[in-house]
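Coordinate inspection notes
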Amino acid sequence: MENENQNTQAPEISESEMMKIRRDKFSELKKQTKNPFEITSFKQTHHAQSIKDNFESFENKDVTIAGRIISWRNMGKASFMDVMDKSGKIQVYIKLDEVGADKYEEMSLWDIGDIIGVTGYVFKTRRGEISVHAKEVTLLSKSFLPLPEKFHGLKDVDTRYRQRYLDLISSPEIKDTFTKRSKIIRSIRNYLDSEGYTEVETPVLNTIAGGAAARPFITHHNTLDMDLYLRIAPELYLKRLIVGGMERVYELGRLFRNEGMDTKHNPEFTSIELYEAYADYNKMMDIAENLIRNAAKEACGTDVIEYQGVTIDLSKPFERMTMIDAVKKYSGIDFSEFIGDNEKATEAAKNLGIEVKNTDSWGDILNKVFEEKVEENLVQPAFICDYPVEVSPLTKRKTDKPYLVERFELFITGRELANAYSELNDPIDQRARFERQMELRAAGDDEANLIDEDFITSLEYAMPPTGGLGIGIDRLVMLLTDSASIRDVIIFPTMRPLKNQ
């Protein structure tokens, strides 16, 4: 039996030649009325890993498995194949005398990469490998393209992201990342549901890009003849629901921001936002800790994890410090000494080598110093609290320090993971802050908020004191799967099209 993908010393042939050989084999299968694509279903009874994990229960018992041929050793009148399903791989032993000459001859038209079904009994080879001794084998789907690099895995990162299906085939351990992602999301939902939150869905197509400082994607609705924005945040809709009396709501879904791409940013990403009436940002800190700790235990089995060679301890209470204190600790500058003094703030920033715009105020400059001098130092979990009002247009002021707001961001491994507020519910103050944002837009800041008149109207009907929290799901998955890039945890990340596509 000849097969260009078997482990033989056959001369190298090109991919195009392999494709032709495989298509010719498929044509021959059709002539023999053995077209695998006419098969509509196949009933598996077991998966590879469960058989291997429970060999004593399965020994000498019949099972039916299905999966992809990933290696093949032809021994003349017998063959050994490794077949991979969603759980892993298992060896299949196929003997001419067992399956019949016709079927064994048909196998000459099969290749590595084909998907087959196998019924047989479980046994252990002389070398001790748990295997399935085939009684029946069925070709279920034909692979026209050879697997990458003779199944040694994809080395080119761009190809891995662009053709995730090949990445999953050639590097089965990649599946573990996305299995953990599913567990993380499920744990978050379970926790919030148990706390009396209601999951809701709000519009993805918005007439106003609001709820965050970000550049939106713009699309056009033909029937209404109007431009719409892909949402950059669900915040303003969710707070409308708090006004309506729902009290505890959350939404877990996709957001879209027309911004740069790097290891921490993808134009579309997954976030969860939750809002609770009669709560403040202190309650949101407790919820953030619980959500992340529970997710770690669910996905990793522990709340002390490794990330890129660094031990991250999620088991202890997360550190809490103000932005002013954090800047003082890591830059040596105490911004509380010149509150509201833009000139002194500008001078302090320039002495640190930080560029400042003429329109930047004391609060803007404090935030810039924090971003450039502090963030990278926040490796262990830390809540940075009490942001300047200028960079927090939707947040309630601190009563004793009205130039600051009740806001925190959670940082782990030097990255922002969560953002939370005691939500602004004063419609007069909210309008004034929106107007300040519009001034920034007029000055060229296309990420500044637009005025949402209907949202202000909703506040005029009275919104109770409310705490709100947003967590970046992709960054959380990066942390809990030890992934260096956001593209490793988004199953189909945004990619530039190839020139020939």
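Let me begin by describing the structure that accompanies this report. For every chain, the first residue of its written sequence is number 1, and the numbers climb from 1 along that sequence. pLDDT decides what is reported in this predicted model: residues at 70 or higher carry local features, side-chain atom pairs at 80 or more are listed and counted, and totals for whole chains, interfaces and linings draw on all residues regardless. The side-chain figures draw on all heavy atoms in the structure; neither hydrogens nor water molecules are used.

1. Looking at the pairing of strand β11 (residues 268-277)
Looking along a regular strand, one sees side chains alternate from face to face of the sheet. With nine of ten residues buried, β11 lies mostly within the body of the structure. Across seven bridges, β11 lies against strand β18 (residues 466-472) in antiparallel orientation. From the neighbouring strand, E273 faces β18, where its bridge partner is G470. Each residue is placed in one exposure class: buried if its accessible area under a 1.4 Å probe, protein chains only, is under 20% of its type's maximum, exposed if it is over 50%, and partly exposed if it falls in between. Where helices and strands are cited, they refer to DSSP runs of H or I of at least four residues and of E of at least two residues respectively, numbered from the N terminus. Whether two strands pair depends on DSSP finding at least two bridges between them.

2. As for the packing of helix α12 (residues 342-351) against helix α13 (residues 362-373)
Close contact between α12 and α13 brings their axes to 9 Å; oriented N to C, the two are set at 20°. Viewed along their axes, α12 and α13 adopt a mutual orientation that is roughly parallel. Where α12 crosses over α13, the two elements pack in a sense that is left-handed. On α13, the residues touching N342, A345, T346 and A349 of α12 are W362, I365 and V369. When its residues are assigned to classes, the contact of α12 with α13 shows five nonpolar, two polar and no charged. To get an axis, fit a line to the C-alpha atoms, keeping to the stretch in contact for a helix; angles then go from 0 to 180 degrees between the N-to-C directions. With respect to orientation, any angle under 35 degrees is reported as roughly parallel, any angle over 145 as roughly antiparallel, any angle of 65 to 115 as roughly perpendicular, and every other angle as oblique. Crossing handedness is read from the near helix: turned anticlockwise from the far helix by less than a right angle, it gives a left-handed crossing, and turned clockwise, a right-handed one. The contact criterion used throughout is that any non-hydrogen atoms of two residues lie within 4.5 Å. Lys, Arg, Asp and Glu make up the charged group, whereas Ala, Val, Leu, Ile, Met, Phe, Trp, Tyr, Cys and Pro make up the nonpolar group; the residues left over, Gly among them, are polar.

3. Remarks on empty space enclosed by the protein
The pocket and cavity definitions rest on a 1 Å grid over protein atoms only: a 1.4 Å probe that fits but cannot leave marks a cavity, an open set with protein on both sides within 12 Å along at least five of seven lines marks a pocket, and residues lining either have an atom within 4 Å of a point. Grid points are joined across faces, edges and corners, and a volume is the space filled by probe spheres set on the points. Scanning all chains against the criterion turns up two cavities of 30 Å³ or more. Secondary structure elements with two or more residues in the lining of the largest cavity: β17 (415-422) and α16 (473-481). Counted as a void, the second largest cavity has a volume near 30 Å³. In this structure, the second largest cavity is lined by R231, P234, E251, G253, L255, S271, I272 and E273.

4. Quick word on the packing of helix α8 (residues 174-194) against α16
The contact between α8 and α16 brings their axes to 10 Å, and the two run at 120°. Classified by the angle their axes make, α8 and α16 are oblique. For the crossing formed where α8 meets α16, the hand is right-handed. Across the interface between the two elements, T177, K180, R181, I184, I185 and I188 from α8 touch I473, D474, L476, V477, L480 and T481 from α16. Within the contact of α8 with α16, the residues separate by chemical class into seven nonpolar, two polar and three charged.

5. With respect to helix α1 (residues 15-31)
A helix's residues, less one, multiplied by 1.5 Å, set its expected span. Helix length check: α1, at 17 residues, gives a terminal C-alpha distance of 24 Å against a target of 24 Å (1.5 Å per residue), a fit within 8%. Within the span of α1, buried status applies to M18, R22, K25, F26 and L29. When α1 is viewed along its axis, its buried side chains cluster within an angular range of 100° and face the same direction. In this structure, α1 carries S16, K20 and K31 as exposed residues pointing more than 90 degrees from its buried face. Where α1 is buried, its residues meet α5 (101-106) and β5 (130-141). T33, located one to two residues past α1, shows a positive phi value of around 55°. Taken from the helix axis, the directions to the C-beta atoms give the arc we talk about.

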